Amino acid sequence: MSQPIILYSHKAGPNPWKVAIILEELGIKYETKFLGMPAEVKGKEYTAKNPNGRVPAIDDPNTGITLWESGAIIEYLVDRYDTSAKLTYTSSPEKYYIKQWLMFQMFNNFHPEKLPSAIERYANEVKRVTMVLNNALEGKEYLVGDKCTYADLSFVTWGALAPFITGEQHKINFDEYPNYKAWMERLNARPAVKKVLEDKQKVMSG
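Within any chain, residue numbers begin from 1 and follow the written order of that chain's sequence. Two thresholds apply to this predicted model, a pLDDT of at least 70 for residue-level local features and 80 or more for giving and counting side-chain atom pairs, whereas whole-chain, interface and lining totals are computed over all residues. Side-chain descriptors were evaluated using all non-hydrogen atoms of the structure, hydrogens and water having been removed beforehand.

A closer look at the sheet that holds strand β1 (residues 5-9)
Sheet strands line up and pair through hydrogen bonds in the backbone, either parallel or antiparallel. Pairing between two strands requires that DSSP report at least two bridges joining them. Here a strand is any run of E in DSSP of at least two residues, a helix any run of H or I of at least four, and the numbering for each starts at the N terminus. Read from one edge to the other, the open sheet built from 4 strands follows the order β2-β1-β3-β4, with strand pairing classed as mixed. The open sheet terminates on both sides in strands that have one partner only, identified here as β2 (30-34) and β4 (65-68). Strand-to-strand twist in this sheet, taken as the mean axis angle between neighbours without regard to direction, amounts to 20°. For β1 and β2, the ladder comprises 5 bridges, and the chain directions are parallel. Across the sheet, Tyr8 pairs through a bridge with Lys33, a residue of β2. Those strands touched by helix α1 (residues 14-25) are β1 and β2, and its axis lies near 155° from that of β1. Strands β1, β3 (57-60) and β4 of the sheet are contacted by helix α3 (residues 70-81), whose axis makes an angle of about 140° with β4. Here, axes are lines fitted to C-alpha atoms. For helices the fit covers the stretch in contact, and angles between N-to-C directions go from 0 to 180 degrees. Any two residues whose heavy atoms approach within 4.5 Å are treated as being in contact.

Looking at the domain arrangement of the protein
On domain assignment, one finds that the protein holds domain 1 (5-84 + 193-205) and domain 2 (94-189). These domain limits were set by an automatic method or by a database of domain assignments. In this structure, domain 1 and domain 2 have C-alpha centres spaced 21 Å apart. In this complex, domain 1 contributes 14 residues to the contact, which on the side of domain 2 involves 15 residues. In short, buried area is how much 1.4 Å probe accessible area vanishes from two parts on joining, totalled over both. Interface area, domain 1 with domain 2, both sides summed: about 1,400 Å², of which 69% is carbon and sulfur. A per-residue breakdown of the area domain 1 buries against domain 2 is headed by Pro14, Lys18 and Glu75, which together make up 34% of the total. The salt bridge definition used is simple: a Lys or Arg side-chain nitrogen within 4 Å of an Asp or Glu carboxyl oxygen. At the boundary of domain 1 and domain 2, one finds 1 salt bridge. Glu75 is the partner of Lys99 in a salt bridge, and the nearest nitrogen-oxygen pair spans 3.1 Å.

The following block contains the structure:
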């Protein structure tokens, strides 16, 4: 019997919860260890695992591997545990398209400072990314092929964060992006996604 994977997380950050969604979708046993910011995340014990001093990271006792960076973790979990290709494709070019969208998500993370000019800049970037996704989803339900993949799921927690990034002044009207809005609704309706988002809400309000 396999041992649970240890997921190092933070209550609020989107990236650890992105990994949790993949773990839930694949039915992988895991335990979450929430770290305090910045003391524990930047402390010696954790930076021995992740020299970058950020979450997420995982320990997989079944293989002895420790990994950090959410994209690398997701690709590892899919490669190792998604034996039925539930969240991926093994065919070309689909498997490369999935990687392409994962990279796009990872390199469009937002960390707005509490300055009006910075908030406006990041709000504009959120709108740009939303438009790119909306256009890419024209005439289809998912980014790659005819099923939900880890590429789609990688956007869920960042999509949930969008209103907090843009604020009321730069609030996005998602009705203007119907393909994106319908896609997010489909993703958020998935049982694994619902569970993780509910878990996050409980942790943050507890």
